[in-house]
Amino acid sequence: PGANLGFTGGNNLGLGAARGEWLMLLNPDTELYPTALPTLVDFLDSHPAVGVAGPELRYADGAHQPSRRRFPTLPTLFFESTPLAWLLGPLRARYYLEDRPADEPQPVDWLVGAALVLRREVYDQVGGLDERFFMYYEECDWQRRIKAAGWSIWYVPEAEVTHHEAASSDQVVTQRHIRFNQSRVRYTAKWHGEGWARLLLGRLWLLFAWQSVIEGAKWLVGHKRALRAARLASYRTVRRALRAESRYSAR
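Calculation notes
- Residues numbered from 1 in each chain as written.
- Predicted model: local features only at pLDDT ≥ 70, side-chain atom pairs only at ≥ 80, totals over all residues.
- Heavy atoms only, no water.
- Buried < 20%, exposed > 50% of the residue type's maximum accessible area, 1.4 Å probe, protein only.
- Helix = DSSP H or I, 4+ residues; strand = E, 2+ residues; numbered from the N terminus.
- Pairing = 2+ DSSP bridges.
- Salt bridge = Lys/Arg side-chain N within 4 Å of Asp/Glu carboxyl O.
- Phe/Tyr/Trp six-rings, centres within 6.5 Å; stacked < 30°, edge-to-face > 60°.
- Axes fitted to C-alpha atoms, helices over the stretch in contact; angles between N-to-C directions.
- Parallel < 35°, antiparallel > 145°, perpendicular 65-115°, else oblique.
- Left-handed = near helix turned anticlockwise from the far one by under 90°.
- Contact = heavy atoms within 4.5 Å.
- Nonpolar A, V, L, I, M, F, W, Y, C, P; charged D, E, K, R; others polar.

1. Focus on the pairing of strand E8 (residues 115-119)
Turning to step 1, where the next piece is worked out: Across the five residues of E8, five count as buried, placing the element largely inside the fold.
Turning to step 2, where the next piece is worked out: Residues of E8 alternate between two faces, with Ala 115, Val 117 and Arg 119 on one and Leu 116 and Leu 118 on the opposite face, all of them buried.
Turning to step 3, where the next piece is worked out: Strand direction decides the pairing type here: strand E1 (residues 22-26) and E8, joined by five bridges, are antiparallel. Each residue of the ladder has a partner; that of Leu 26, found in E8, is Ala 115.
Turning to step 4, where the next piece is worked out: Here strand E3 (residues 50-58) runs beside E8; their pairing, made up of two bridges, is antiparallel. Its bridge partner being in E8, Val 52 is matched across the sheet by Leu 118.

Structure follows, in structure tokens:
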């Protein structure tokens, strides 16, 4: 009782307790437009081959928030969401489906899990979220399993949801770094093999070590020392967690 089960464990409790024909994942930092839920349910009801439907996400100011993705390739897993993301070039735009209009319904590989509606039949067939992912990458893994089971995933922009992105995780930056990178490594192990996961793990450790060198140099010259000290402590904690993650083995 009172244990933090993470995004996956908490949602799995809800999914297991639900009894309806339609199931929904909805982040606590979201606000549904009035017609969002009926629009998604109607879409699923009229497209029997679609297993999961998701809305267009919007920032608090109403601007479009990218939520469509292709499954991450190895280059994406190694470089996206790091200071070297620019090395991806056009691969980064492809990952975010920038080659497709965002105002048209379309099949996708996966959608950000802030708001998703699925059929009970899908849940009964595929099961819930993989709890080896405490948070991050869990919805990507889940939708990859759903697609592998023969269902399609659709983005339905007629449904709109405001998503106050990262409102919770921004409060704990060190833990966000740890959880995100642990899940990135575990996803790589599960879908690309242990060898690639270990290479990724080593690369991430070196990245945080290099960032520590940079922060240490700034501390030495007296630039915002309190901030640099906090970052050094954070990166040290992240490196310890990544070293511990080397014992992880996909089963």
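After presenting the structure, the write-up continues.
2. Description of the pattern of salt bridges
Turning to step 1, where the next piece is worked out: Inspection of the entire model under this criterion finds 14 salt bridges.
Turning to step 2, where the next piece is worked out: Its salt-bridge partner being Arg 198, residue Glu 194 comes within 3.9 Å of it at the nearest N-O pair. Here Glu 194 pairs with Arg 198, and both are found in helix H8 (residues 194-220), just four residues apart, close to one helical turn.
Turning to step 3, where the next piece is worked out: Residue classification places Glu 194 among the partly exposed residues on the basis of a relative accessible area of 24%.
Turning to step 4, where the next piece is worked out: Judged by relative accessible area, Arg 198 falls into the partly exposed class, the value being 46%.
Turning to step 5, where the next piece is worked out: Across the salt bridge formed by Arg 228 and Glu 215, the nearest N and O atoms sit 3.0 Å from each other. With Arg 228 in helix H9 (residues 225-245) and Glu 215 in helix H8, this residue pair connects regions lying 13 residues apart in the sequence. Exposure class is identical for Arg 228 and Glu 215. Each is buried.

3. Quick look at the packing of aromatic side chains
One pair of aromatic rings is described through two measures. These are the centre distance and the angle between the planes.
Turning to step 1, where the next piece is worked out: One pass over the structure, following the stated rule, counts eight aromatic pairs.
Turning to step 2, where the next piece is worked out: Ring centres of Phe 43 and Trp 154 lie 5.5 Å apart, and the angle between their planes is 45 degrees; this geometry places the pair in the tilted category. Here the residue Phe 43 occupies a position in helix H2 (residues 36-46), and Trp 154 occupies one in strand E9 (residues 152-163), the gap between them amounting to 111 residues.
Turning to step 3, where the next piece is worked out: With centroids separated by 5.4 Å and ring planes inclined at 80 degrees, the aromatic side chains of Tyr 136 and Phe 180 adopt a geometry described as edge-to-face. In this pair, Tyr 136 sits in the loop between helix H5 (120-126) and helix H6 (138-148) while Phe 180 sits in helix H7 (residues 173-192), placing the two residues 44 residues apart along the sequence.

4. Quick notes on the packing of H7 against H9
Turning to step 1, where the next piece is worked out: Where H7 contacts H9, the two axes come as close as 9 Å, and the packing angle between them is 25 degrees. Taken together, the axis directions place H7 and H9 in an arrangement best described as roughly parallel. Here the hand of the crossing between H7 and H9 comes out right-handed. Across from Thr 174, His 177, Ile 178, Asn 181, Gln 182, Val 185 and Arg 186 in H7, the residues of H9 making contact are Ser 234, Tyr 235, Thr 237, Val 238, Ala 241, Leu 242 and Glu 245.
Turning to step 2, where the next piece is worked out: Partitioning the contact of H7 with H9 into residue classes produces six nonpolar, six polar and two charged.

5. Brief notes about the environment of Arg 239
Turning to step 1, where the next piece is worked out: Note on placement: Arg 239 falls in helix H9.
Turning to step 2, where the next piece is worked out: Assessed through its relative accessible area of 18%, Arg 239 is described here as buried.
Turning to step 3, where the next piece is worked out: Separated by 62 residues in sequence, Arg 239 and His 177 have C-alpha atoms that sit 10.0 Å apart.
Turning to step 4, where the next piece is worked out: The contacts of Arg 239, once residues within four sequence positions are left out, are Trp 205, Phe 208, Ala 209 and Ser 212.

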